[in-house]
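Residues per chain are reported as follows:
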Amino acid sequence: MGLLDILLGRTKPVGADLDRLFALPSAAVTLEAAAGFTPTGQGAVCFATVEGAAFEQSHREVQALLDADSDRDGPPVELRQDDYGYSWLVSRRSPDQLPALVNDLHAVNSQMEVNGFGPQLLCSLAGFEDRSGRRLALVYLYKRGTFYPFAPLPDGTERRDNPLELQVRAALFDDLRLEPDLGRWFPVWGAPGL
């Protein structure tokens, strides 16, 4: 950043630091102790859909890379599109394999970046639930390099459990780089992996 940028009040946007995803397993321990939420074994990477052969080739490479994992149990990695037109690459592991799920999310993001599709990456999430069936996602904003909790109410309406989100933010303050601007805590309604 130069002197002119400083004088005009321009700042550089925070860049993605995909290695921050590796903090999720230790944050999960804190989350279970503080709020009773455990991993579901499901996670997903969201990206803006792009047409073209290069993007299709990149998607096939990512899917082949993750499907080649011999430790994977259950269905292979799957590509889905949501009601808003965004694509989600969904990975499923057993709930006790959160580090492997984080590796999957990191691999998808990294491969998309390497192939030149970093600008299309939006977010990644890992799903959690408590004994009463409440769901929660820890969402990583790719362009901000930060996390935030997203907790939809279990009644099926598109409403959020704001007190729970704030409780999780307080519990994970020392574990994850959390997004300070609550206006950027975007809802991810119907996100696969949640």
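A brief structural summary. Bear in mind that the values here come from a model prediction, so they are computed numbers and not experimental data.

Focus on helix H4 (residues 98-114)
So, step 1. Its 17 residues give H4 an end-to-end C-alpha distance of 24 Å, which sits within 8% of 24 Å, the value for a rise of 1.5 Å per residue.
So, step 2. Among the structural elements, helix H2 (24-35), strand E1 (38-48), helix H3 (53-67), strand E3 (86-92) and strand E4 (121-129) are those in contact with the buried residues of H4.

Considerations on the nonpolar core
So, step 1. Ranked by internal contacts, the top residues of the largest apolar core, which has 37 residues, are Leu-21, Leu-24, Leu-31, Phe-128, Leu-138, Leu-172 and Leu-176.
So, step 2. Top element by residues in this core is H4. It accounts for seven residues.
So, step 3. Once you skip the residues sitting within four places of it in the chain, Phe-128 turns out to touch Ala-28, Leu-31, Phe-37, Thr-38, Pro-39, Thr-40, Leu-98, Arg-134, Arg-135, Leu-136 and Leu-138.
So, step 4. Core analysis: the second largest hydrophobic core is formed by 16 residues, Ala-44, Val-90, Val-139 and Val-188 among them.

Details of the sheet that holds strand E2 (residues 78-81)
So, step 1. As summarised here, the arrangement of the six strands in space is E2-E3-E1-E4-E5-E6, forming an open sheet in which the pairing is antiparallel. At either end of the open sheet lies a strand with only one pairing partner, and these are E2 and strand E6 (146-150). Strand-to-strand, the axes of this sheet are offset by a mean angle of 25°, without reference to chain direction.
So, step 2. Here E4 pairs with strand E5 (residues 135-141) via seven bridges, running antiparallel. Across the sheet, the residue bridging to Phe-128 is Leu-136, located in E5.
So, step 3. On top of the sheet, H3 reaches E1, E2 and E3; it is set at about 135° to E2, its chief contact.

Conventions we followed
- Residues numbered from 1 in each chain as written.
- Predicted model: local features only at pLDDT ≥ 70, side-chain atom pairs only at ≥ 80, totals over all residues.
- Heavy atoms only, no water.
- Helix = DSSP H or I, 4+ residues; strand = E, 2+ residues; numbered from the N terminus.
- Expected span 1.5 Å × (residues − 1).
- Contact = heavy atoms within 4.5 Å.
- Core = buried A, V, L, I, M, F, W, Y, C linked by side-chain atoms within 4.5 Å.
- Buried < 20%, exposed > 50% of the residue type's maximum accessible area, 1.4 Å probe, protein only.
- Pairing = 2+ DSSP bridges.
- Axes fitted to C-alpha atoms, helices over the stretch in contact; angles between N-to-C directions.

Bear in mind that shape data such as this cannot, by itself, settle questions of function.
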